[in-house]
Amino acid sequence: MVLMRVMLSVALCLLLASVASGCGPGRGYGKRRHPKKLTPLALKQFIPNVAEKTLGASGKYEGKITRNSERFKDLTPNYNPDIIFKDEENTNADRLMTQRCKDKLNSLAISVMNQWPGVKLRVTEGWDEDGHHSEESLHYEGRAVDITTSDRDKSKYGMLSRLAVEAGFDWVYYESKAHIHCSVKAENSVAAKSGGCFPGLSTVILSDGRTKLLKELRVGDKVLATDQQGNIVPSDFLMFLDQDRHITREFVVLETDEPRRRLTLTPAHLVFVINNNTQNSNIQAMFASDIKPGQWLYAVGNDWPHHLISAKVISISVEHNEGSYAPITSHGTIIVDGVLASCYAVVDNHHLAHWVFAPVRLWHSFLSLVGLLKELDSVHQAEGVHWYPELLYHVGGWLLDSNSFHPQS
């Protein structure tokens, strides 16, 4: 496993180096990224442009946390020396927050110092245990903070709001001339909605035509997928990018008509959509959460099981299932429950995602070449996100625009 980590990391470095060497004019992944122009928020503006406690922002209120609550253990203190906490109650309550809120706040603190050297981020309100905020305020759950700059220069607050958006807060509100309000999703909501997976009871088609539960896939299995030309081909199952037998997640259910299919997957997973429903039309990879009734997917036909035909989405719903699995194949595509899907999620570019997973394919080919593939299957893959996609997520956060990621990630 140590050798695997070393080889995959080296391969990733080489891929990133190729990006750097490719900087310059022209099309492709290697083009130079210009610094993003940041636009300050206007007073009373909030991003995203929906109510704070809706699914598109920080989500619903889940109940007040007190020091005697069982959920109090979910709050973590923030002792970042680059952040000034007002703490007017002298109880350190303003330092207590959820881990997600802490992560976003620490990221913002760095941005503030980079934007205004010598200036620090200042928190005026954090977790509220005294009832000073409105009913069902996210301050009562440690999911919200009110912020300013340390110099209290109000001319900076519009840009501070923008920096908070870029830092990843799920809702940012330039609430008044005195402060900016920022909040985040609940921890369980993030875990339930982020990433890209299928439920374990979904089925795949093996190369010999038999079906198999997705959760029962093993290294060495060949499943039906598609190549770059859209032809159905057998593809090697490489590993699970993420697997968790016990987690309950929110899944989007896409139902099609003629042929009747029912694809269940997480909102951030990519699915191939046919534009204009003609065989020569462009095919676009879209997040499952963005698909609308009336759009067309590729599905396996009833009479032609080795051919894909267009299938119209007639119904979209949401359900919760226990267990989630994210398989990756050598072709980066997979037919699940009779519908063609990408193996990738979170980032909106299927081709880029497939490109950066080249080291995984190379590692699999190397093991196959030296006859160690069966030994790899005998090695138990731990539950949770595999370390390589987790590494890619952090690297991607540095290299890619925030708009490239699914909003719930």
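For the structure, check the block above.
Residues numbered from 1 in each chain as written. Predicted model: local features only at pLDDT ≥ 70, side-chain atom pairs only at ≥ 80, totals over all residues. Heavy atoms only, no water.

Peer 1: Hey, could you go over empty space enclosed by the protein for me, with residue numbers and the actual values?
Peer 2: Across all of its chains, the model carries one cavity of 30 Å³ or more by this definition. Put simply, the largest cavity is a space of about 50 Å³. Every residue lining the largest cavity is listed: E89, A93, D94, E125, W127, D128, E129, D130, H132 and H133. Within the lining of the largest cavity, the residues separate by chemical class into two nonpolar, two polar and six charged. (1 Å grid on protein atoms, 1.4 Å probe; cavity = no way out; pocket = protein on both sides within 12 Å on 5 of 7 lines; lining within 4 Å. Points joined across faces, edges and corners; volume = space filled by probe spheres on them. Nonpolar A, V, L, I, M, F, W, Y, C, P; charged D, E, K, R; others polar.)

Peer 1: Please provide a residue-by-residue account of the side chain of D87, values included.
Peer 2: When you line up the elements, D87 lands in the loop between β3 (83–85) and β4 (96–97). Buried within the structure, D87 lacks any salt-bridge partner; its nearest side chain of opposite charge belongs to R95, at an N-O separation of 5.5 Å. One polar contact links the side chain of D87 to the main-chain amide nitrogen of T91, over a distance of 3.3 Å. (Helix = DSSP H or I, 4+ residues; strand = E, 2+ residues; numbered from the N terminus. Buried < 20%, exposed > 50% of the residue type's maximum accessible area, 1.4 Å probe, protein only. Lys, Arg positive; Asp, Glu negative; His and termini not counted. Salt bridge = Lys/Arg side-chain N within 4 Å of Asp/Glu carboxyl O. Polar contact = N/O pair within 3.5 Å; in protein donor to acceptor, adjacent residues only side chain to side chain.)

Peer 1: Requested: an account of the environment of W387, with residues and values cited.
Peer 2: Take W387: it is sitting in helix α8 (residues 387–399). What makes W387 buried here is its relative accessible area of 16%. Residues W387 and D242, spaced 145 residues apart in sequence, show a C-alpha to C-alpha distance of 9.4 Å.

Peer 1: Lay out the pairing of strand β11 (residues 222–226) in plain terms, naming residues and giving numbers.
Peer 2: In terms of burial, β11 is a largely internal element, four of the five residues being buried. Here five bridges tie β11 to strand β12 (residues 232–257), and the two strands are oriented antiparallel to one another. Looking across to β12, one finds that A225 is bridged to V233. Here β11 folds back onto β12, and the loop between the two strands holds five residues, one of which, G230, carries a positive phi near 90°. (Pairing = 2+ DSSP bridges.)

Peer 1: An account of unusual backbone geometry is needed here, citing residue identities and associated values.
Peer 2: Across the junction of I47 and P48, the peptide omega takes the value -5°, indicating a cis bond. Relative to the elements of secondary structure, P48 occurs in the loop between β1 (46–47) and β2 (76–77). Residue E258 is joined to P259 through a cis peptide bond whose omega torsion reads 0°. For P259, the position within the fold is in the loop between β12 and β13 (261–265).

On their own, these measurements won't tell you what the molecule is for.
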